[in-house]
Amino acid sequence: QPLMLYGHVPRSDLRAKAADLLSEVRLGAATLDRMPAQLSGGERQRVAIARAFAANPDLLLCDEITTALDVSVQAAVLELIHDLARKHDVAAIFVSHYLAVVRAIADRIAVLRNGRIVEINTAQELCARPVDPYTKSLLRSVLEIPT
C-alpha cells in the first residue's frame, strides 16, 4: 500500500519493489505471501519498518517500537532502524519510556514530564550528568546488568 501511495512504483513493479524492501529489513520475498498472524513479533516489526521506508521519508517517528519485543529482538530492530536511517539519510525520533533503549541509539535526548521538556542534551552528557530530578530518577530506574 505505501508503495502505491508514495513510491511512484508502477503496478507491474510493486511485488519486486516490495521484495527489495523486505530484503533491506532482512526478510525474504516469501514474506510477501504470509499473513500477519504467521509472522513473529520481530518479523511484523520489520515489515512495519519496510512499509515506513517505502514512503521515502525524511523523518521517521518510532513510537514505542520495541515495547512488545523480547530483549534480543529489540536490539536487532534498533540496529536495523539505525542502519537504514543512516543508509537512507533519514532522521529518526524515538519515543520510549525506556531510557536504556534511548541511551543506546540516540544522539540527543529530550526528557519530557507531563508533556513538557524538562531536559535536553546529547545522550552521553544527559546520561553522565543529568540536571533535572525527573531525569535522575529515570536514570536510576534503568536496570544495569553487572559485567
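Before reading further, recall that the structure is shown in the block above.
Definitions and limits used
Residues numbered from 1 in each chain as written. Predicted model: local features only at pLDDT ≥ 70, side-chain atom pairs only at ≥ 80, totals over all residues. Heavy atoms only, no water. Core = buried A, V, L, I, M, F, W, Y, C linked by side-chain atoms within 4.5 Å. Buried < 20%, exposed > 50% of the residue type's maximum accessible area, 1.4 Å probe, protein only. Helix = DSSP H or I, 4+ residues; strand = E, 2+ residues; numbered from the N terminus. Contact = heavy atoms within 4.5 Å. Arc of directions from axis to C-beta. Pairing = 2+ DSSP bridges. Axes fitted to C-alpha atoms, helices over the stretch in contact; angles between N-to-C directions. Parallel < 35°, antiparallel > 145°, perpendicular 65-115°, else oblique. Left-handed = near helix turned anticlockwise from the far one by under 90°. Nonpolar A, V, L, I, M, F, W, Y, C, P; charged D, E, K, R; others polar.

Asks: I keep staring at the nonpolar core and nothing clicks. Help me out?
Replies: The tendency in soluble globular proteins is for nonpolar side chains to be buried as a group. Residues Leu-3, Val-25, Ile-49 and Ile-81 are the most contacted members of the largest nonpolar core, which totals 24 residues. Where this core is concerned, the elements lending two or more residues are α2 (14-24), α3 (41-54), β1 (59-63), α4 (71-87) and α5 (99-105). At five residues, α4 tops the list of elements feeding residues into this core. In this view, Val-25 contacts Arg-46, Ile-49, Ala-50, Leu-80 and Leu-84; residues no more than four positions away in its chain are not counted.

Asks: For this particular structure, what's the right way to read α2?
Replies: Residue pairs three or four apart in sequence face the same way in an α-helix, which turns once every 3.6 residues. Among all positions of α2, only Leu-14, Ala-18, Ala-19, Leu-21 and Leu-22 are buried. Down the axis, α2 shows its buried residues gathered within 160° of arc, on one side only.

Asks: Could you clarify how one ought to interpret the pairing of strand β4 (residues 116-122) in this entry?
Replies: Sheet faces and side chains relate simply in a regular strand, where the side chains alternate between the two faces. Sheet topology note: the strand β3 (residues 108-113)/β4 ladder contains six bridges and is antiparallel. Looking at the pairing, Arg-108 lines up with Thr-122 of β4. The antiparallel pairing of β3 with β4 creates a hairpin that spans two residues between the two strands, and Asn-114 there sits at a positive phi of about 55°.

Asks: What is the right way to look at the packing of α3 against α4 in this model?
Replies: When two helices pack together, their arrangement is captured by the angle between the axes and the distance separating the axes. As a packed pair, α3 and α4 sit with axes 10 Å apart at the nearest point and diverge in direction by 15°. Between α3 and α4, the crossing angle belongs to the class labelled roughly parallel. For α3 against α4, the interelement crossing comes out right-handed. Here Gly-42, Gln-45, Arg-46, Ile-49 and Phe-53 of α3 come into contact with α4, specifically with Val-73, Val-77, Leu-80, Ile-81, Leu-84 and Ala-85. Among the residues making up the contact of α3 with α4, the classes are represented as eight nonpolar, two polar and one charged.

Don't take any of this as a statement about function, it's just geometry.
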